[in-house]
Amino acid sequence: MHICDHCGLPFGGSAIIREVENSKLLFCCYGCSFLHPLIGERNGEGNANLFLLRLGISAFLAMNVMALSWAVYDQGWATLGMEPAAIQVLSVLILVLSLPVMIIAGGPFFQNMIQEVHARRLSMDSLIALGTFSAFGFSTYQALTGGTKFYFDTATMTLVFVTAGRYIEASAKTRSSQAIKRLLELQPRMARVVEGGTEKIIPTPEVKIGSIVRILPGERIPLDGILDEGFTSVNESVLTGESLPKRKRAGDELYAATVNIDGAVTMRVTAEEHDTLHGHIVRLVQEAQHSRSQSQLTGDRISALFIPLVISLSILTFGGWAIVSSFEAALLHALSVLVVSCPCALGIGTPLVTVNALFRVAEKGILVRSTSVFEKLATATTIAFDKTGTITNGKLTVKTFHSHIDEKTFLERAAALEQHSEHPIGKAIADFARSRNVHPPASKDVQAIPGKGIIGKVRKNGEWIEVKIGTADLFGLAQTEHNGTILIGWEGCIRGRIEVKDTLRTDAAQTVKDLHKLDVKTILLSGDSHAATSEIAKSVGIQEAHASLLPNEKLDILESAKQSGITVMVGDGINDAPSLAAADVGITLASATDIAKESADVTIIGDHLHRIPSLIQFSRAVVKKIRWNLLWAFGYNAVGISLAVVGLLQPIIAAAAMVMSSVFIIVNSTRLRTTTFEMS
């Protein structure tokens, strides 16, 4: 894996090594290696304009060379009323006009050829330089010795067309790499910190956690924090893709790079610059940029074989035509073979698509860790959902409770254990007890039993008794006997039961419906009871449900599903982390635990479950464009090189065809930015 020193995009296979300003740089393609010395990174816009000026001058001179060459070919001089003696003068004039083109447009190719010969590592630059300068040298000899068989127009226009193609390719890749730079620039570099009643503006990296920062209307929020004073609306579209502002009050979370709209507020910083949500997004996008999909790896392997093949075909073409025809014809046909081939079409066909795809989904608040995710999602056959917190909101409430003793004692013992729990059921019980003004007694040795419940000791009249809260399995009972309830007991007896309920996400049913439209099978995995799991699955239309699962049992089901195709897992909890990592693609939501986010391949900011089928549909569009690009690259090169070998393609036409090939792939790739993302 290398990173191009011009466009900043990752690439595999062989790097093009150039010595620029006494430094050895790596480039992903000939376009980047050609443009970097001319444009570079410092004063890029001015240097780019200078390069275009040089290209414009070369094109102007080359067109004049072509027009004047017509006067020499086929006695065109007679049409213009010129004497035959003027041909010699005209030939020298064409030579004079061609020389600046060879220096301005051909110079970079010639310099690269010298370096490549020295390094014993030829590329297409060497072949183009060899072909065009050979044509120029032969033509110069003809012009100075009175001959009329010269090809100044072929040499100059070939260089102009090839140079223009290289500029288009490298510029397209540079624009793609600029997207991450724009993403970085969204976070303000300075922050207005309030200390001792006074404000001072300091660099954002110097702001510490706990500092108070003031944000004025219209300003971007510099860091993550909690709204401390005031209320406002915030545009969070840069993170979530939602255009509608969100109302914020004291205690609400604020995020770096989002825009404060209509209120001057202060916030207490909760994360330093490198730990903000925006910073996390940037790192994920960078990681994804540097990853390699299977299509890219395939393209790299083919490109590595492409240049030697073209060199061999060019030599064979020259030799064959030299036998059956003239040296001039052999030179032109060999040059056509070199020029018409377009290895960059193979090299840029996949990365341009995937980079544009990364930023398209990022605009929608979806973070993809690797470009290979698009190819996997495009062929996904099964998607498994965790229940609590994924299909449901994860905010459980107590539906009913029944106790065999007085209500106050029952709830005290239950709340004594559950006040320590982070499990949604435990939180629901603790919140219910607080709503009844129940004050739990002291507890100790509290221990969670995964998939079963919680046990611990609770103080009773100065003594400690062991209390159990959980499923029937925790009490050694058959599941069918107490299906769908949470049992509570101590001193060897069950003292009562509690039933909890959860609410479905508003977009859960539509999400499942859209997945079925895409022919993706849906599965629900849960550690909850069979009754609760089946009810939820039926409510949203999920095709298959598995209940009372331990984390390792979820893994077994996923491994089984993977036998029949690509499997996706959607979860949000700590216990989902192994499943997220084991699935072909793991997807989690913004509300997920940190360990779930780290295990997942995709994170959806904003808890938008309905974006999963949209992402799968979009991934199919991404893969379709990659395949079209590769099909075009293979087809174009096969047809173009074949025509050049048999002498049916002139070098100028070959150069124009090479440019159009790259332009087609660039346009096809960038159209992904306007592809409809939501499900149709």
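Residues numbered from 1 in each chain as written. Predicted model: local features only at pLDDT ≥ 70, side-chain atom pairs only at ≥ 80, totals over all residues. Heavy atoms only, no water.

Peer 1: Please explain the environment of L417 as it appears in this structure.
Peer 2: The residue L417 is located in helix α16 (residues 407-418) in this model. Residue contacts for L417: discarding those within four places in its chain leaves S443, V446, I454, I455, G456, K457, V458, V467 and I469. (Helix = DSSP H or I, 4+ residues; strand = E, 2+ residues; numbered from the N terminus. Contact = heavy atoms within 4.5 Å.)

Peer 1: Would you mind showing me how to read the sheet that holds strand β26 (residues 602-604) here?
Peer 2: Think of a sheet as strands paired side by side through backbone hydrogen bonds, with each pair either parallel or antiparallel. Overall, mixed pairing links the seven strands, which are arranged β14-β26-β25-β24-β15-β22-β23 in an open sheet. On the outer flanks of this sheet lie β14 (366-368) and β23 (544-546), each paired with one strand and no other. Between one strand axis and the next, the sheet turns by 20° as a mean value, whatever way the strands run. As paired elements, strand β15 (residues 380-386) and strand β24 (residues 566-570) share five bridges and run parallel to each other. Considered in β24, the bridge of A384 is made with M569. (Pairing = 2+ DSSP bridges. Axes fitted to C-alpha atoms, helices over the stretch in contact; angles between N-to-C directions.)

Peer 1: Quick question: what am I supposed to make of the nonpolar core here?
Peer 2: The tendency in soluble globular proteins is for nonpolar side chains to be buried as a group. Core analysis: the largest hydrophobic core is formed by 43 residues, its most contacted members being I94, F152 and V340. In terms of residue count, the dominant contributor to this core is helix α4 (residues 86-104) (seven residues). Setting aside residues up to four positions removed in sequence, V340 forms contacts with Y636, N637, G640, I641, A644, L649, A654 and M658. V368, A508, V568 and L615 belong to the second-largest nonpolar core, a separate cluster that totals 39 residues. (Core = buried A, V, L, I, M, F, W, Y, C linked by side-chain atoms within 4.5 Å. Buried < 20%, exposed > 50% of the residue type's maximum accessible area, 1.4 Å probe, protein only.)

Peer 1: In this structure, what is going on with the packing of aromatic side chains? I would like to understand it.
Peer 2: Describing an aromatic ring pair means giving the distance of the ring centres and the angle of the ring planes. As enumerated under the stated definition, the model contains eight aromatic pairs in all. Geometrically, the ring pair formed by F318 and F327 is edge-to-face, given 5.8 Å between the ring centres and 85° between the ring planes. Among the aromatic side chains, those forming a connected cluster through ring pairs are F138, F318 and F327. (Phe/Tyr/Trp six-rings, centres within 6.5 Å; stacked < 30°, edge-to-face > 60°.)

Peer 1: How do you make sense of the sheet that holds strand β19 (residues 463-470) when you look at a structure like this?
Peer 2: The strand order across the open sheet formed by six strands is β16-β21-β20-β19-β18-β17, and the pairing between neighbours is antiparallel. Each edge of the sheet is formed by a strand with only one pairing partner; in this case those strands are β16 (397-403) and β17 (443-449). Neighbouring strand axes in the sheet, compared pairwise and without regard to direction, differ in orientation by 20° on average. Across the face of the sheet, α16 comes into contact with β16, β17, β18 (453-460), β19, β20 (486-490) and β21 (493-501) while running at roughly 120° to β18.

Peer 1: Please explain the pairing of strand β9 (residues 232-235) as it appears in this structure.
Peer 2: Both faces of the sheet carry side chains from a regular strand, because those side chains alternate between them. Sheet topology note: the β9/strand β10 (residues 246-248) ladder contains three bridges and is antiparallel. If you follow S233 over to β10, its bridge partner there is R247. Taken together, the two bridges between β9 and strand β12 (residues 259-260) define a ladder with antiparallel strand orientation. When the bridges of β12 are listed, N235 appears paired with V259.

Peer 1: Mind showing me how you'd approach α4 here?
Peer 2: Every α-helix winds through 3.6 residues per turn, so residues three or four apart in the chain are directed the same way. Here α4 is 19 residues long and its end C-alpha atoms lie 28 Å apart, about the 27 Å a rise of 1.5 Å per residue gives. Among all positions in α4, only I87, L90, S91, I94, L95, L97, S98, V101 and M102 are buried. (Expected span 1.5 Å × (residues − 1).)

Peer 1: What am I meant to see in the confidence of the model for the protein chain here?
Peer 2: For any part of a model where pLDDT is low, the fine detail of the predicted coordinates should not be relied upon. On average, residues of the protein chain score 79 in pLDDT, and 78% of them reach the 70 mark or higher. For the stretch residues 41-46, pLDDT sits under 50, and the model shows six contacts to residues farther than four places along the chain or on other chains. (pLDDT = per-residue confidence, 0-100.)

Peer 1: Would you mind showing me how to read the packing of helix α13 (residues 351-363) against helix α23 (residues 611-645) here?
Peer 2: Two quantities define a packed helix pair, namely the angle between the axes and the distance from one axis to the other. For the pair α13 and α23, interaxial distance at closest approach is 10 Å and the crossing angle is 160°. The orientation of α13 relative to α23 falls into the category roughly antiparallel. The two elements α13 and α23 cross, and the hand of that crossing is right-handed. Across the interface between the two elements, V353, T354, A357, R360 and V361 of α13 pack against L615, F618, V622, K625, I626 and N629 of α23. (Parallel < 35°, antiparallel > 145°, perpendicular 65-115°, else oblique. Left-handed = near helix turned anticlockwise from the far one by under 90°.)

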